[in-house]
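Structural overview for review
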Amino acid sequence: MTATQTEQTEQTPENGTAEPAVFGRLVAIDPLDFDPDGGTEKLVIVDPYNHRKKRAQGDTTEPDPALIASVQEVGVQQAIILRPQEGERDGQLGIVIGQRRTLAAYRVASAAAQEGREYRKIPAIIRDDLRGVDDEALTVSMVENLHRRQASAQDDVDAAEQLALLVKAKKVPKARKRSLAAAIGRTEEELDAAHKVAQMDAETLEDLRDEEIEFDWVELGDYDEVKDVSHAQVTLKRAKAKDEQEGNTKRGAWKTAMQELRAKKARTERIEILKAELAEKKVTTVHWVWNWSYSTARPLEELVSKIGMPMSEQGHGETCEGHAATIDPDAAEVVWLCVGWKKHGHRIAGAAGDDGDGEPGEGEAAKAEAAREERRRVKVNNLAWRTARAGREAHIADMCKDKGEAPADVKDLIMRTLLVSDGHYVHYVGSQEHGAMLAKILGDERLTRQPKGVIASLIKKTASRRYWWVLFAHVAGYYEAEHMKDDAWRGEPHYHHGPSVRGRIRPATAEWITFLKRHGYGVTEVEAETVATAEQEAEAEAERRAEQERQRQEREAARAARQAENPAPDEDEEDGDDGEEDYQYDDMDEEYEEPAEAVENTDPEAEGEMDAGADEAEGQEDVPAEDGQE
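Computed from a predicted structure; not experimentally measured. (Residues numbered from 1 in each chain as written. Predicted model: local features only at pLDDT ≥ 70, side-chain atom pairs only at ≥ 80, totals over all residues. Heavy atoms only, no water.)

Glancing now at the overall build of the protein chain. Looking only at helices and strands, the protein chain has 19 helices and 13 strands in total. Expressed as a percentage of its 630 residues, the buried residues of the protein chain come to 39%. Within the protein chain, contacts between residues at least 6 apart in sequence are counted, and of these 71% link residues at least 24 apart. Carbon and sulfur atoms form 50% of the exposed surface of the protein chain, whose accessible area is close to 37200 Å². (Helix = DSSP H or I, 4+ residues; strand = E, 2+ residues; numbered from the N terminus. Buried < 20%, exposed > 50% of the residue type's maximum accessible area, 1.4 Å probe, protein only. Contact = heavy atoms within 4.5 Å. Areas by Shrake-Rupley, 256 points an atom, 1.4 Å probe, with all protein chains shown as cover.)

See the structure below:
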């Protein structure tokens, strides 16, 4: 139990009076001379009056992985404070300041000793003046912890700013960058995000720290971008917890949550612009209502004039005093209304059986409300589906940056896609989307037109082990372009009747979402619902086919029974004998299904009510729905 004391030089002021040795003696402590349990056999223990206490919950004395990584990389850089003990612990040194650093060094040294490696000692200052002065020792410990907590937010900002300058200048070699990140308990990804943290205000960091929200630098930079969006903090906390629970190291749930928050922020900003435009035009505005059936106002799209003509925004504004507007918060678009539509003589569209006051009958009202609800569902889900696209494509692009060998399921997907080459794949390869998707995923705009020189350059600069990832970019573009269109969540458009009649969700759509989820992608709500619906449809289809097989077997059994009761005539019977009377036509030999009837639907968004005709579409080449179809 020894401590190596460094050579000290007393500083004497010009007046010849020596300064009291309040700064103590600088020594080097062996980390293995520390006893975390406070026994009497080791030199160093935790002082009984140390401000930090071990607790069953919320223990702040336990070093976090970042601190241990820092000590392992560069050792303890800030000297701890020790004071001599008295009584039964005379001869020992108690830690007044630096308990977590000492414990981290002890952990690192213990692991190194077991593996036969060298380890660093701990710089320490022994305060002999604190021997027996318990109240002052406690005060010193409290002041150090309180000051460190108050300064930590600004310290993070300053450190991030310094590191951002280093990373931006690109003067730090990759190996050194990795070592630097480990030394401060950060990752290389966090160093790349340091410039974002450098731009944060200390107040935001303090608020997060006060609420005990632990975001790393990547997460802090993201949060600062969307912190003004309602419920952003709660949304991101849940996303981080989900990633940790699922062991998702690619931050799948976090990235999806950020994509949705960015879209929400963009909608909010768009709404403010629309409000300003309406105010400038002096248009009367009203609050958005989720169900206009209970309001005296109605959207113009639900109204017709006295003579049954549709109503436009311009025409209504010029002729009706009830002209007004509201803003749909989900779509961030203006909806034109008539305030007091009954008063101004308008009628509900499609109210053929009204009762004289412009209101439709009970049946028509229920049908119209269901149609409105379906239109709204289509609009909301289409928006969510389009919003998810950017997050998926970013995740795919990250996958394609992998420097290692592609996993087996990626290779299997590529092989199946390229070797089968169905009609959808052929359509994709021959379309302009092929080059556009490849350029987007691989981050090279020159690939848009796929000139041979650019392709040759791409192959030349790509390591052979990464060939699979380039092919994966090609296959991923195919799935995104052909099977993830704007309305793919609604099912397959009917090959003959068009998008107003929907069939089952394409298996490729659900399979692609599930594949990406296995590789760390955070599935959105609408994507999860699409996969669940596809699974239900697959189960229903399997049951239908099983029932058909059961009926077929029953028919075969019945036919065999009839043949047993009425055996075939002997071969020597002449043609035309009454053997024909034994023949019975089985009209169940051929399966028959009622063909789907086209559903007349004048509203392009009031869809999704029918799955009729889905079976007819089997084996037929699909007509892709146009982008943006709602």
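A word on the nonpolar core. If you look at the biggest cluster of nonpolar residues, it comprises 41 residues, and the most contacted ones within it are Ile396, Phe472, Trp512 and Phe515. For this core, the secondary-structure elements that each account for two or more residues are helix H12 (362-399), helix H13 (408-420), helix H14 (423-429), helix H15 (433-442), helix H16 (452-461), helix H17 (467-483), helix H18 (507-518) and helix H19 (525-565). The element best represented in this core is H17, accounting for eight residues. Once residues within four sequence positions are removed from consideration, Trp512 is found in contact with Ile396, Leu413, Phe472, Ala476, Tyr479, Glu480 and Met484. Of all hydrophobic cores here, the second largest spans 22 residues; its members include Ala181, Ala239, Ala257 and Leu261. (Core = buried A, V, L, I, M, F, W, Y, C linked by side-chain atoms within 4.5 Å.)

Of all the positions in helix H7 (residues 202-210), only Thr204, Leu205, Glu206 and Leu208 are classed as buried. Just past H7, the residue Glu212 takes up positive phi, approximately 55°.

Following both chains from N to C, one finds H13 and H17 inclined at 60°, their axes separated by 10 Å at the closest point. Judged on the interaxial angle alone, H17 and H13 are oblique. When you trace H13 past H17, the crossing you get is left-handed. From H13, Val410, Lys411, Leu413, Ile414, Met415, Thr417 and Leu418 reach across to H17, where they touch Trp468, Trp469, Leu471, Phe472, His474, Val475, Tyr478 and Tyr479. Its residues placed into classes, the contact of H13 with H17 shows 12 nonpolar, two polar and one charged. (Axes fitted to C-alpha atoms, helices over the stretch in contact; angles between N-to-C directions. Parallel < 35°, antiparallel > 145°, perpendicular 65-115°, else oblique. Left-handed = near helix turned anticlockwise from the far one by under 90°. Nonpolar A, V, L, I, M, F, W, Y, C, P; charged D, E, K, R; others polar.)

Time to look at unusual backbone geometry. The phi dihedral of Ala332 falls on the positive side, at around 55°, and the residue is not glycine. You can see Ala332 is positioned in the loop between strand E9 (323-328) and strand E10 (333-339). For Ser421, which is not a glycine, the phi torsion comes out positive at approximately 50°. Mapping Ser421 onto the fold places it in the loop between H13 and H14. Since its relative accessible area comes to 30%, Ser421 is described here as partly exposed.

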